[in-house]
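# Secondary and tertiary structure notes
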Amino acid sequence: MPTFEYAPAPESRDTARLKPSYGIFVDGKFVDGHGAAVKTINPASEEPLAEIAEASAEDVDIAVKAARRAYDRTWSRMPGAERAKYLFRIARAIQERGRELAVLESLDNGKPIKESRDVDIPLAAAHFFYYAGWADKLSYAGFGPDPQPIGVAGQVIPWNFPLLMAAWKIAPALATGNTVVLKPAETTPLTAITLADIIADCDLPPGVVNILPGGPSVGQAIVDHPGVDKIAFTGSTGVGKMIQKSVATSGKRVSLELGGKAANIIYDDAPIDQAVEGIVNGIFFNQGHVCCAGSRLLVQESVYDDVIAALHDRLATLRLGDPLDKNTDIGAINSAAQLARIQELAASGDAEGATRWSPECPLPNKGFWFPPTIFTGVSQANRIAREEIFGPVLSVLSFRTPQEAVDKANNTPYGLSAGVWTEKGSLILWTANRLRAGVVWANTFNRFDPASPFGGYKESGFGREGGRHGLESYLAY
Amino acid sequence: MSITLGSTTGDDLTQWADVTRDNASLRRFLHGLPGVDQVGAEARAAALGTRSIKTTAKAWAIDAAISMVDLTTLEGSDTSGKVRSMCVRAMYPDPTDAAVPPVAAVCVYPDLVATAVAALRGSSVQIASVATAFPSGRAALATKLVDVGEAVSAGATEIDMVIDRGAFLAGRYLDVYDEIVAVKAASGTAHLKVILETGELVTLDAVRRASWLSLLAGGDFIKTSTGKITPAATPPFALVMLQAVRDFAARTGQLRGVKLAGGVRTSKDAIRYLVMVNEIAGERWLTPDLFRFGASALLNDLLLQRHKLTTGAYDGADYIALD
């Protein structure tokens, strides 16, 4: 009997309704930005998708002024119940255009359609639904009897979850009565601009949300603009530090969600099959382009061989390829620059004596690709155990006792997330209490819910997004 | 296609002798298996259900599924006429298309085995019979063995036994083990499928332990359910049982099968399970020797979908034989 070969099952590219060119969204209108015209490409094929007329510093100024007008005249004065109506409307519109957004996200970002379809887009809608519910209940959120909005929020988001990060930023800002100037990442502007289209369709008052695609100079202009009252940034720790310096003494409020090097701890009584799924989901979800990725696997030595063997078997079943194919598990690396960084760090793993392993995995000829990779024999001192790779590369370390696991897990400048796998509830609590990480998952990994706060310790940033806690960054009380 | 189940004698399981020495040892072994996290197992099963199987892959899967069906009738109202009619369908599921493979087996009560043997003479279709006081399994061991003996002597080539769930849930694992060993011996050359009745074991940990117990005792197949209890075959139960045969093969080198019975009614369900077999156990298990669907209604839907693929249009239900 022949083997079971899955025939290609691609989602139609036409669903994305790609336009040849896109502009910026300022004061309720789509206009061409005054910056450079830049092509955004499909990282799976290197083909250009569309041209973007990017924003300039001048556009930032126009947008901030529009946001200020909208804040003063309408949005901050509007009753919460009214703001909620707009947010509910946006949430529903995201759901209605979910398929279009999913295909667009996979085209522009390279992530598999099953992730954009089942995770990114539904969660983006869920964030708007969730914060819509808070808009008229802010007096009961635990921030005093009458918390007030801050003003104009400048928001800069990364390329790994383009629409979802936009939702994380915009939904709580709007629910609390702030207005927004948001810059999507340079390599992934398309879903954010489409979100602007949705926002326009929802008749949001002009200026409440402004979306300005562009490069680092646009981000810098937003951060430096005196009319911006609050900065929310998700991205690398390096840029986060620059933002901190820029806003020092400006009086602006800041929340930063930065890098990570999360430990995923497997105790010897863990449910091994599910732990292996958690490891795979932890580091290979979204090609490892996840700030909270479980990039350091800590395995108790008594089950080390079993876990590694099971992990090898599981990796052999991962399907790498066309992001639009519904059966693809691993998509493309987002950009040539990111691929180069992953390759450089992986090479350092080889050079420093760790053992590299990948399943047999032919890579497409065009586009940016990196196979799922495991490094064993990694020392705590290796670069691949210390630096954020932001790619599908797992560094495996071992430990003997729970205290050693915690010590190794905490021995990093980062502190965004961690995972604990054991069937013993008391050990979960013991471990979680000692881990210096903002999110600790127990017997799962990379699970997100709008009701659950998310954010880091140490160089992973400060401030919380999601949940009731996520309101605080946008409220004065 | 001739069907030969992976042969097991139990003799080469001597390495496990100390595990099954007494109830305490067996209990330590079964409780020492890694736990199953219910939430994670359900999520994994659901994720596999999102695979999209189209065109050539779907055509392959439908034919594979047809060849893995144990066409089943297990009603108090069964008669020779009903069984004969079913046997014709088993041999020629679609009389208009000779390319449609026969099903793997028919599955009947012991008193109807002789009828099936006569009706299936000369075909590759195997004759499975439920035995051991199916479906409850509540009878003395001697009675169960007589039940098995009669089915075998009437010509059954496969025996579907039920385990003693009462003993299992009470922790009398060795009693369950000994009973399977005895039934295996009474089955002679007939292949033994051990029904766990997952709907009564309820937890995935219990299903993992019962799977290992049955494999250690020499079951050629582990089977989810009698079909008389709800829930029967569900994706999480199937997942854990496929992991058990995979892990058993890794540790002993022996390939054992899995049969899902009850609740698999549509081609879509069947194809999802084939995906699960492919990605959990591995493609070696994608053969009727190692994977079966116990079903009655499933075959009709597989044939409808097969027509749809070849002709591009759905037939009405009346274009498929009722039974």
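Computed from a predicted structure; not experimentally measured. (Residues numbered from 1 in each chain as written. Chains lettered and ligands numbered in written order. Predicted model: local features only at pLDDT ≥ 70, side-chain atom pairs only at ≥ 80, totals over all residues.)

### As for the domain arrangement of chain A
All names here are of chain A. What the domain assignment lists for chain A is domain 1 (13-258 + 458-476) and domain 2 (263-442). Relative placement of domain 1 and domain 2: their C-alpha centres are 30 Å apart. At the junction of the two partners, domain 1 supplies 21 residues and domain 2 supplies 26 residues. (Domains from an automatic or database assignment. Contact = placed C-beta atoms within 7 Å.)

### Quick word on the interface of chain A and chain B
Chain A puts 21 residues into the contact, and the matching count from chain B is 26 residues. The leading source of residues in the side of chain A that touches chain B is helix α9 (residues 272-284) of chain A, at 5 residues. Residue classes in the side of chain A that touches chain B are distributed as 8 nonpolar, 7 polar and 6 charged. (Helix = DSSP H or I, 4+ residues; strand = E, 2+ residues; numbered from the N terminus. Nonpolar A, V, L, I, M, F, W, Y, C, P; charged D, E, K, R; others polar.)

### Details of unusual backbone geometry
Residues F134 of chain B and P135 of chain B are joined by a peptide bond in cis, for which omega reads 0 degrees. With respect to the secondary-structure elements, P135 of chain B resides in the loop between β3 (126-130) and α6 (141-153). For the bond from T230 of chain B to P231 of chain B, the omega torsion is -5 degrees, close enough to zero to count as cis. Relative to the elements of secondary structure, P231 of chain B occurs in the loop between β6 (221-223) and α11 (235-252). Here the phi dihedral of F390 of chain A falls at roughly 55 degrees; this positive angle occurs in a residue that is not glycine. Its identity as a non-glycine residue notwithstanding, T55 of chain B has a phi of 45 degrees, on the positive side. Residue position: T55 of chain B is located in helix α3 (residues 55-67). According to the C-beta neighbour criterion, T55 of chain B is exposed, with 12 such atoms within 10 Å. (Buried ≥ 20, exposed ≤ 12 C-beta atoms within 10 Å, placed from the backbone.)

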